[in-house]
Amino acid sequence: MTPLFEQVTLPAGHSWGLLWRELDTIPFIWHYHPQFELTLTVNARGQRYIGDHLGDFEPGDLVLLGPNLPHTWSASERIDGSRPMLAVVVWFSLEWVERLAASFPELHSLRHLAARAGPALHFSPATSARSAARLLQLNGLPVPQRLPLLLDVLLELAADGDARPLASMAQAPRHADGQQKRMESVLDFMHAHFREDIALDTLARKAALSLGAFHRFFKRHAHCTPGDYLARLRIGRACQQLIESDLAIAVIAQEAGYRNLAHFNRQFRAAKQATPRAFRRQYRRAGKTTA
């Protein structure tokens, strides 16, 4: 599935964005944007999809995503049925972090946090609980008083040595030099055509490189081979379909770009340490026990 580009617009007089989103369900909307995103999820239990990561989330889940990382949360279960689900979302740019760190040496750890957040960070329970208590105050504060509280939260997150990455890789930035724009062109093509048989020659032409140079270029930027990256896209699509639909596994394999069911089963087991059938049962069983 090709992620949708989301245009994040900040109100006049704001250097960062806050979204206070109350919902009956959290819909599956696969998207990306060039800003960092800090998301706190309250009164909801479901699944989160971030890059090639797929995992369950519980109430109080706190994640910081890097720029341009495709993601979505999906949930239909409210813990307290009398209250809506709540997503507290904060957006900020790399330039915002750099300006703060350059102006105030005390905030230098924010640079390190931004560097670690490329593949998304999931924070430890203790840090998440303390940060959630502060984030839940943001919406009730006057706009000028929100910034010190947000900085307090980000400094707390930067100090969490137990935070763990979720996706296997960050996305290439979409706004910089020619090398990054070249990588953007290749990744956009792969996301749009991952169901097809993509020849390496085609990708090399997209990057305007020879085949050998393209191999080196791709591994340097994506930290994996083009074949590995393509497999992650396909397996990610299959995971979504296994959870969200009742389609036969053979149909899901075909729709994800696999012409050979046995090959799909081998790649799926290698990626998820479970067969597609067992993976589906696991999530269906989890859904029943939490309903």
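These notes cover the structure that comes with them. (Residues numbered from 1 in each chain as written. Predicted model: local features only at pLDDT ≥ 70, side-chain atom pairs only at ≥ 80, totals over all residues. Heavy atoms only, no water.)

## Regarding the nonpolar core
Where we set the bar: In plain words, nonpolar cores are sets of buried Ala, Val, Leu, Ile, Met, Phe, Trp, Tyr and Cys residues tied together by side-chain atoms within 4.5 Å. Type-normalised accessible area, obtained with a 1.4 Å probe on protein chains alone, sets the label of each residue: buried when under 20%, exposed when over 50%, and partly exposed for intermediate values. We count a stretch as a helix when DSSP gives it H or I for four or more residues in a row; a strand needs E for two or more, and each element gets its number in order from the N terminus. By definition in these notes, contact holds between two residues if any of their heavy atoms fall within 4.5 Å.
Ranked by internal contacts, the top residues of the largest apolar core, which has 32 residues, are Leu 38, Phe 92, Trp 96, Phe 123, Leu 135 and Leu 154. Among the elements of the structure, strand S4 (36-42), strand S7 (61-65), strand S9 (85-92), helix H1 (94-103), helix H2 (109-116), helix H3 (125-135) and helix H4 (143-158) are those that each provide at least two residues to this core. The biggest single contributor to this core is H4, with 7 residues. Residues in contact with Phe 123, not counting those within four places in the same chain, are Leu 38, Leu 62, Val 63, Leu 64, Leu 113, Ser 128, Leu 157, Asp 160 and Ala 163.

## Here's the deal with the packing of aromatic side chains
Where we set the bar: Classification of ring pairs uses Phe, Tyr and Trp, with its six-membered ring standing for Trp, and accepts pairs whose centres are within 6.5 Å; under 30 degrees between planes counts as stacked, over 60 as edge-to-face, and the remaining range as tilted.
Tallied over the full model, the rule gives 9 aromatic pairs. Here the aromatic rings of Phe 36 and Phe 92 are separated by 5.3 Å at their centres, their planes lie at 10 degrees, and the arrangement is stacked. Within this pair, whereas Phe 36 is found in strand S4, its partner Phe 92 is found in strand S9, the two being separated by 56 residues in sequence. By relative accessible area, Phe 36 is classed as buried at 3%. According to the relative accessible area criterion, Phe 92 is buried, its value standing at 4%. Taken together, a centroid distance of 5.8 Å and an interplanar angle of 55 degrees make the contact between Phe 214 and Phe 218 tilted. Residue Phe 214 and its partner Phe 218 are both found in helix H7 (residues 211-222); the two are separated by 4 residues, about one turn of the helix. Classification of Phe 214 as buried rests on a relative accessible area of 0%. Among the aromatic residues, those joined into a ring-pair cluster are Tyr 258, Phe 264, Phe 268 and Phe 279.

## Remarks on the sheet that holds strand S2 (residues 17-23)
To keep it simple, the criterion reads: Two strands form a pair only when DSSP identifies at least two bridges running between them. Between N-to-C directions, angles span 0 to 180 degrees; the directions come from axes that are lines fitted to C-alpha atoms, helices contributing only their stretch in contact.
With respect to topology, 6 strands assemble into an open sheet ordered S2-S9-S4-S7-S10-S11, the strand pairing being antiparallel. The open sheet terminates on both sides in strands that have one partner only, identified here as S2 and strand S11 (164-165). Two elements, S7 and strand S10 (residues 121-122), share 2 bridges in a ladder whose sense is antiparallel. Within the sheet, the bridge partner assigned to Leu 64 lies in S10 and is Leu 121. The strands touched by H4 are S2, S4, S7 and S9; relative to S4, the strand with the most contacts, the crossing angle is about 90 degrees.

## A few points about the pattern of salt bridges
For clarity, the cut-off: What makes a salt bridge here is a side-chain nitrogen of Lys or Arg within 4 Å of a carboxyl oxygen of Asp or Glu, nothing more.
Taken as a whole and assessed by the stated rule, the structure comprises 11 salt bridges. Notably, a salt bridge pairs Arg 45 with Glu 77, separated by 3.1 Å at the nearest N-O pair. Within this pair, whereas Arg 45 is found in strand S5 (residues 44-50), its partner Glu 77 is found in strand S8 (residues 71-78), the two being separated by 32 residues in sequence. Classification of Arg 45 as partly exposed rests on a relative accessible area of 23%. Assessed through its relative accessible area of 19%, Glu 77 is described here as buried. For Arg 48, the salt bridge is made with Asp 61, and the minimal N-O distance between the two is 2.8 Å. Taken together, the residues span a long stretch of sequence, with Arg 48 in strand S5 and Asp 61 in strand S7 at a distance of 13 residues. In this structure, Arg 48 and Asp 61 share a single accessibility class: buried. Where salt bridges share partners, they join Arg 130, Arg 134, Asp 152 and Glu 156 into one cluster.

## Structural notes on the side chain of Gln 35
Within the element layout of this structure, Gln 35 appears in the loop between strand S3 (31-32) and S4. Among the residues examined, Gln 35 registers a relative accessible area of 16% and is labelled buried. With residues near it in sequence (within four places) discarded, Gln 35 still touches Val 8, Gly 66, Pro 67, Trp 91 and Phe 92.

## As for the environment of Ala 199
In this fold, Ala 199 is placed in the loop between helix H5 (178-193) and helix H6 (200-207). Given a relative accessible area of 38%, Ala 199 falls into the partly exposed group. When the C-alpha positions of Ala 199 and Leu 54 are compared, they lie 27 Å apart, and in sequence the two are 145 residues distant.

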